[in-house]
Amino acid sequence: MKPIGLILGAAVVLAVPLLGMPTAHADGSFDCWFGQRQQEQDGYALDAWSCSGTGYVDFTVTVRSGAAAGTYHCGRGFPWNGTLGAHSCSMTESGAKRTP
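No experiment lies behind these values; they were computed from the predicted model shown. (Residues numbered from 1 in each chain as written. Predicted model: local features only at pLDDT ≥ 70, side-chain atom pairs only at ≥ 80, totals over all residues. Heavy atoms only, no water.)

A.B. asks: Just to check I follow, could you spell out the state of the cysteines for this structure?
C.D. replies: Think of a disulfide as a covalent bridge from one cysteine sulfur atom to another cysteine sulfur atom. Taken as a whole and assessed by the stated rule, the structure comprises two disulfides. Across a sulfur-sulfur distance of 2.1 Å, C32 and C51 are joined as a disulfide pair. Because the torsion about its S-S bond is 115°, the bridge between C32 and C51 counts as right-handed. With C32 in strand 1 (residues 28-40) and C51 in strand 2 (residues 43-54), this residue pair connects regions lying 19 residues apart in the sequence. In this structure, C32 and C51 share a single accessibility class: buried. Taken in N- to C-terminal order, the disulfide-linked cysteines of the protein are connected 1-2, 3-4. (Disulfide = S-S within 2.5 Å. Helix = DSSP H or I, 4+ residues; strand = E, 2+ residues; numbered from the N terminus. Buried < 20%, exposed > 50% of the residue type's maximum accessible area, 1.4 Å probe, protein only.)

Next up, the structure:
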């Protein structure tokens, strides 16, 4: 086989798995088991643990338990090894706690 044929064949083999992948975007989401929050100038700062998900800018965080339990929309954050530090967070309507 000629070198150009090998290159084209390799390109097809490598590209086929990517065809079914969704397009990339900046939004993301995290699901965390524990968390705490602190008031900051532009909303809340969240510290959360046992998290899974993706995102660095403009993402959603669901905290299942702890002082920060609820759902938040955050402006920026940094996930690291199952933890999440997020800033510019505001509680969303679906995360608001209701009293009986």
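A.B. asks: I would appreciate a short explanation of the sheet that holds strand 2 in the present structure.
C.D. replies: Strand pairing in a sheet takes place through backbone hydrogen bonds and is either antiparallel or parallel in direction. The strand order 1-2-5-4-3 describes a closed barrel built from five strands, whose pairing is mixed. Strand-to-strand, the axes of this sheet are offset by a mean angle of 55°, without reference to chain direction. With six bridges joining them, strand 3 (residues 57-65) and strand 4 (residues 70-80) adopt antiparallel strand pairing. Bridged to V57 within strand 4 is R76. (Pairing = 2+ DSSP bridges. Axes fitted to C-alpha atoms, helices over the stretch in contact; angles between N-to-C directions.)

A.B. asks: Would you mind going over the environment of S29 with me for this structure?
C.D. replies: You can see S29 is positioned in strand 1. Of the residues examined, S29 reaches a relative accessible area of 42% and is grouped as partly exposed. The sequence separation of S29 and C74 amounts to 45 residues, and the corresponding C-alpha distance is 9.5 Å. Residues contacting S29, with those up to four places away along its chain left out, are S52, G53, T54, F59 and T60. (Contact = heavy atoms within 4.5 Å.)

A.B. asks: Mind showing me how you'd approach the nonpolar core here?
C.D. replies: In globular proteins that are soluble, nonpolar side chains generally tend to be buried together. Core analysis: the biggest nonpolar cluster contains 14 residues, and L46, V61, C74 and L84 have the highest contact counts within it. Elements with a minimum of two residues in this core: strand 1, strand 2, strand 3, strand 4 and strand 5 (83-91). (Core = buried A, V, L, I, M, F, W, Y, C linked by side-chain atoms within 4.5 Å.)

A.B. asks: Is there a simple way to think about the environment of G28 in this case?
C.D. replies: Relative to the assigned elements, G28 resides in strand 1. For G28 and F59, which are 31 residues apart along the polypeptide, the C-alpha to C-alpha distance reads 4.6 Å. When residues no more than four places from it in sequence are discounted, the contact partners of G28 are T54, G55, D58, F59 and T60.

A.B. asks: Please clarify how the pattern of salt bridges should be interpreted in this entry.
C.D. replies: With the rule as written, the count across this model stands at one salt bridge. For D31, the salt bridge identified is with R64, shortest N-O distance 2.9 Å. With D31 in strand 1 and R64 in strand 3, this residue pair connects regions lying 33 residues apart in the sequence. Taking relative accessible area as the criterion, R64 reaches 47% and is therefore assigned partly exposed. (Salt bridge = Lys/Arg side-chain N within 4 Å of Asp/Glu carboxyl O.)

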